Each structure stands twice: as structure tokens, then as C-alpha cells.
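Here's the letter readout for the chains.
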Amino acid sequence: MDVVIVGAGIGGLTLGLRLHAAGIPCRIFEAAPEIKPLGVGINLLPHATKELTELGLQTDLARVAITTSKIAYYNRFGQLIHNDPCGRHGGYEWPQFSIHRGDLQMVLLEAFVQRAGTDRVITAHRCTGVKQDDTGVTVHFEHTLTKDKLPPQRGAIAVACDGIHSVIRKQFFPNEGPPRYSGLNMWRGVTRWQPFLDGATMVRVGWHKPAKVLIYPIRDNIDAQGRQLINWVCDIEQETPIAQRDWNRQGRLDDFIGAMEDWWFPWLDVPAMCRAADQILEYPMVDQDPLPRWSHGRVTLLGDAAHPMLPRGANGGAQSILDGSALATCLRLTADPVAALKAYEERRRPPTTQVVLTNRSEPPDAVLEEVYKRTGDKPFRQIDDVISQGELAGLLKRYQRVAGFDKEKLQARAG
Ligand SMILES: Cc1cc2nc3c(=O)[nH]c(=O)nc-3n(C[C@H](O)[C@H](O)[C@H](O)COP(=O)(O)OP(=O)(O)OC[C@H]3O[C@@H](n4cnc5c(N)ncnc54)[C@H](O)[C@@H]3O)c2cc1C
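Here's a quick rundown of the structure. Everything numeric here is computed off the predicted structure, so don't read it as measured data.

What counts, and at which threshold
Residues numbered from 1 in each chain as written. Predicted model: local features only at pLDDT ≥ 70, side-chain atom pairs only at ≥ 80, totals over all residues. Heavy atoms only, no water. Near = heavy atom within 4 Å. Polar contact = N/O pair within 3.5 Å; in protein donor to acceptor, adjacent residues only side chain to side chain. Areas by Shrake-Rupley, 256 points an atom, 1.4 Å probe, with all protein chains shown as cover. Nonpolar A, V, L, I, M, F, W, Y, C, P; charged D, E, K, R; others polar. Phe/Tyr/Trp six-rings, centres within 6.5 Å; stacked < 30°, edge-to-face > 60°. Helix = DSSP H or I, 4+ residues; strand = E, 2+ residues; numbered from the N terminus. Lys NZ or Arg CZ within 6 Å of the ring centre and 35° of its normal. Buried < 20%, exposed > 50% of the residue type's maximum accessible area, 1.4 Å probe, protein only. Contact = heavy atoms within 4.5 Å. Pairing = 2+ DSSP bridges. Axes fitted to C-alpha atoms, helices over the stretch in contact; angles between N-to-C directions. Parallel < 35°, antiparallel > 145°, perpendicular 65-115°, else oblique. Left-handed = near helix turned anticlockwise from the far one by under 90°.

**Observations regarding the site of the ligand**
Contacts to the ligand come from 30 residues, most closely from Glu 30, Val 40, Arg 101, Arg 188 and Asp 304. In this structure, a nitrogen atom belonging to the ligand sits 2.9 Å away from a main-chain N or O atom of Cys 127. The side chain of Arg 188 places a nitrogen or oxygen atom 2.5 Å from an oxygen atom of the ligand. Contact with the protein chains covers 87% of the free accessible surface of the ligand, which is 920 Å². The residue inventory of the shell around the ligand, partitioned by class, reads 12 nonpolar, 12 polar and 6 charged.

**Let's talk about the packing of aromatic side chains**
In total, this model carries 9 aromatic pairs according to the counting rule given. With a centroid separation of 5.6 Å and an interplanar angle of 50 degrees, the aromatic rings of Trp 294 and Tyr 344 are classed as tilted. Taken together, the positions of Trp 294 in the loop between strand S19 (279-287) and strand S20 (299-301) and Tyr 344 in helix H8 (residues 337-361) put the pair 50 residues apart, joining distant regions of the chain. Through pairs of rings, three or more aromatic residues link up here, namely Tyr 74, Phe 196, Trp 263, Phe 265 and Trp 267. Over the ring of Tyr 92 we find Lys 407, and its NZ or CZ is 5.9 Å from the ring centre.

**Description of the side chain of Gln 319**
Here Gln 319 lies in helix H7 (residues 316-333). Take Gln 319: its relative accessible area is 1%, and that puts it in the buried class. Only 2.7 Å separates the side chain of Gln 319 from the side chain of Arg 348, close enough to count as a polar contact. Once you skip the residues sitting within four places of it in the chain, Gln 319 turns out to touch His 47, His 307, Met 309, Arg 348, Thr 352, Val 355 and Ala 403.

**Notes on the sheet that holds strand S11 (residues 149-155)**
Pairing in this open sheet of 3 strands is antiparallel, and the strands run S9-S10-S11 from one edge to the other. Single-partner strands in this sheet number two, and they are strand S9 (125-132) and S11. Neighbour-to-neighbour, the strand axes of this sheet turn through a mean angle of 25 degrees, independent of strand direction. Across 7 bridges, S9 lies against strand S10 (residues 137-143) in antiparallel orientation. Of the residues in S10, the one forming a bridge with Lys 131 is Thr 138.

**Thoughts on the packing of helix H1 (residues 10-21) against H7**
Close contact between H1 and H7 brings their axes to 8 Å; oriented N to C, the two are set at 30 degrees. As summarised for this structure, H1 and H7 are arranged roughly parallel, according to the angle between their axes. Of the two possible hands of crossing, H1 and H7 adopt the one that is right-handed. Where H1 approaches H7, its residues Ile 10, Gly 11, Thr 14, Leu 15, Arg 18 and Leu 19 are matched on the opposing element by Gly 317, Ser 320, Ile 321, Gly 324, Ser 325, Leu 327, Ala 328 and Leu 331. In terms of residue class, the contact of H1 with H7 is built from 7 nonpolar, 6 polar and 1 charged.

The structure is reproduced here in C-alpha cells:
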């Protein structure tokens, strides 16, 4: 019997590709009536691009993404704190890609459909719950638009890849309560703009009071003037969450632009770029406490359904990609599906728990917080007066280790 995958997002599609490569049949059921390239920017760090390279997708991704050259850290006065070369530029065997989430999803979808067949992705199927017995699972669906009950689907196992509002997670943990607010609200957008710096740099500027901004290009040469599509994210410390979490919720410029009104840097006029946005979305920075278990007999959780994390550090997508690979390997190596799902959980729950907790306490941009605190949010004469290059490298390395893209370890796994 097939593996039933619920959700054709980043995790569900990667799992589908991995299972297909392992010769394990699967079908993916997606709530959206049509899979559209939604979202804004997402980053694929080397631990994720390694997996996608193994799936033969590096060339397709490189065609639609920006191959990121470095991450540049600045204070809010536009003073450079540190340049961190990334991907191949930083000595990894794999690139770092900055990409539109929709482009990533389409590359995964096209590859899956081409390899496994168009009938293997079934849309307009909103999962409502799952039951299991000794021989398999029965997954229940309704039509997303009409709400009519659809025929239940039998499978050997079911994998919930249904994202932050996972129905299957709720079925197993009905009393979880609301998501945990981190104290930050976030506005995200995309703007068609001239390339800045080398046209491939991701910049992180400032700290959460008054604002921190992350900016990076995600599409190259989008018009005759050679402009790029620039993704930006503004985080501001506020007492209450701005809204319910919803990836598609429209945001308002006036709610955040005042916090960075004078951020005109020689390389970029930040407020002008935000003002020219095609689209502004808002999202409260929330996550959920790590779960005590993911696998329940023949049903398990994957990606955001398993470990919703604060969307900082480019790891939501990456960890779901790693989950997909681990689960396919466990299913390939272990004949008993219940034991395979347990083995998958043992492999992936501890490291993703660490990422969830580290994103709360010591995020990838901890460098900016350190400089903010040491300078009292004032300009510095030279960065070495504030923090040594060794300390900076140490802070960055710590996050890389926890998130699983420490260069030496990643390389060793490839060897
Ligand atoms: C519309 C959208 C826009 C996003 N935009 C961004 C972004 O701009 N930047 C960013 O970093 N991350 C974004 N994300 C989140 C990001 O994709 C995930 O954090 C990460 O990639 C983990 O992937 P996932 O597969 O676990 O979840 P997702 O990629 O969220 O995929 C979940 C999938 O499950 C489907 N689904 C949900 N409920 C059901 C159900 N009951 N039955 C069947 N299918 C269901 C959803 O439609 C979706 O296709 C977005 C997610 C979505 C859904």
C-alpha cells in the first residue's frame, strides 16, 4: 500500500521525491484546489541544498534562485560588523540559495510529478483526520471548496506534512493551547529593485528595538532594467502579537516603517525599498513547545506539523527537507512500518527540538544583539573595539552546529 502524505508543501514534496527514489510508492493529498507559488523569500542553507542536490535538483534551483555569496551584518547606522561568506563562497561543497518559496515549491512539484506521475498529487483534498488498524491507515478528507466528504484513502502509513495548522497534530495533541509569542512581530515583503552590494548578499541590519531588517534578493534580472526581486523582513519588539499566524495575511506599511525611517545607507535606501513593495505580509513570531512524540503507530508528523519554529535562521524549510530524507531512509531500511516511524522520530526529534529552542534563545543573528548590547545602540569607531573577529565567528559557528550546517560535520557526512 502507498504512503499517504498529507500536504504538498516543502516537506511533503521532498518526502515524496525521496520515497520515489527509494522505490516506495506514495500519494500526496493537498488542501489547496490548485498549487500556486505562494509566499515570499526563503533561504536554503548548505544542509538543505546537499539534500536537494542528492535529488538532482541543484541545476533547476540555481536557474530560479540567487546563489548567495555572503551574509553581511550591520548596525542600524549602516556600519559593517561582519561579512560571513556562505555556501560555496564559505568553503562548503554546496551552495546557499535565496529563493522565492513559490519557486522552490514549483521545482519540487514539477520534479515529483515528472518522476512519480501526475496522478500522485491530488488537490482540493483537505484532511479531516486519520484512523489506523493493524494493517494500515484510513485518511479522511473533505473537498476544500464544497466541504463535501470525499472517499477515505487507505495507505500503509500516513505522514502529516500539513504545516503550522496541522489537523493530524491536533488530533493527537488536542490540548496544546495557542502558539507561544516571542515578543516580536514581523512584516515581510518583496520589491522590484536595482541590485545592491554584489547582487547576491543577504544583509541583517540592527536589533529589535527599534527594528531589525533582513534583506536579500530572490530573483535575478526580472525586467529590462536588470532589476531583482528583493525580499525583506522587518522584526520589531512589541508586547502583543499583531495577528493570528497566517502566512498570507496582508500587512500595512504604516505599522512598521517609522522604525527605520532614516535607514539610508550608501548601498541601499531601506525605507524607499519597503515603500515600493509589491506586497506586504504580516506575521507574529510564534512557535510551539517541542512535542514529546511524533509517531503514533502508523502515523507520524513532519516539517512544521512536527516542529513549528520561530521563522528566523532559515531553518523551517531546511529541517522539513532533512525530515523527509530521514523518514525515507528509515522506511527503506526497516520492513516494519511502526518501527520505521519510531526510528525516524528518534533520529529527527532531538535535533529539531534543539533548533526550536536555540531559535528562541540564541538565534543566528545573535551577533547583532551582542553588538547592540555592547555599544548601547550607539555607532562604534571600529568594530574590533566592540567585539573580536574570533568572538563573532564563535557566535555564528554555534548556530551552525545546532542547526546542522557546521561545515566540517556536513562534509564528513557527505564523505
Ligand atoms: C502559503 C504559504 C506561504 C509561506 N510563505 C513562506 C515564506 O514566505 N517564507 C518562509 O520562510 N516560509 C513560508 N512558509 C512556510 C514554509 O513553507 C514552511 O515553514 C517550511 O517550508 C516547512 O514546510 P512544511 O512542508 O512543513 O509546511 P508548508 O510548506 O507550510 O506546507 C504545508 C502544506 O500542507 C497543506 N495543508 C495544510 N492543511 C492541510 C490539510 N488539512 N489537508 C491537506 N493539506 C493541508 C498546505 O496547503 C501546504 O501546502 C509558507 C507556507 C505556506 C503554506
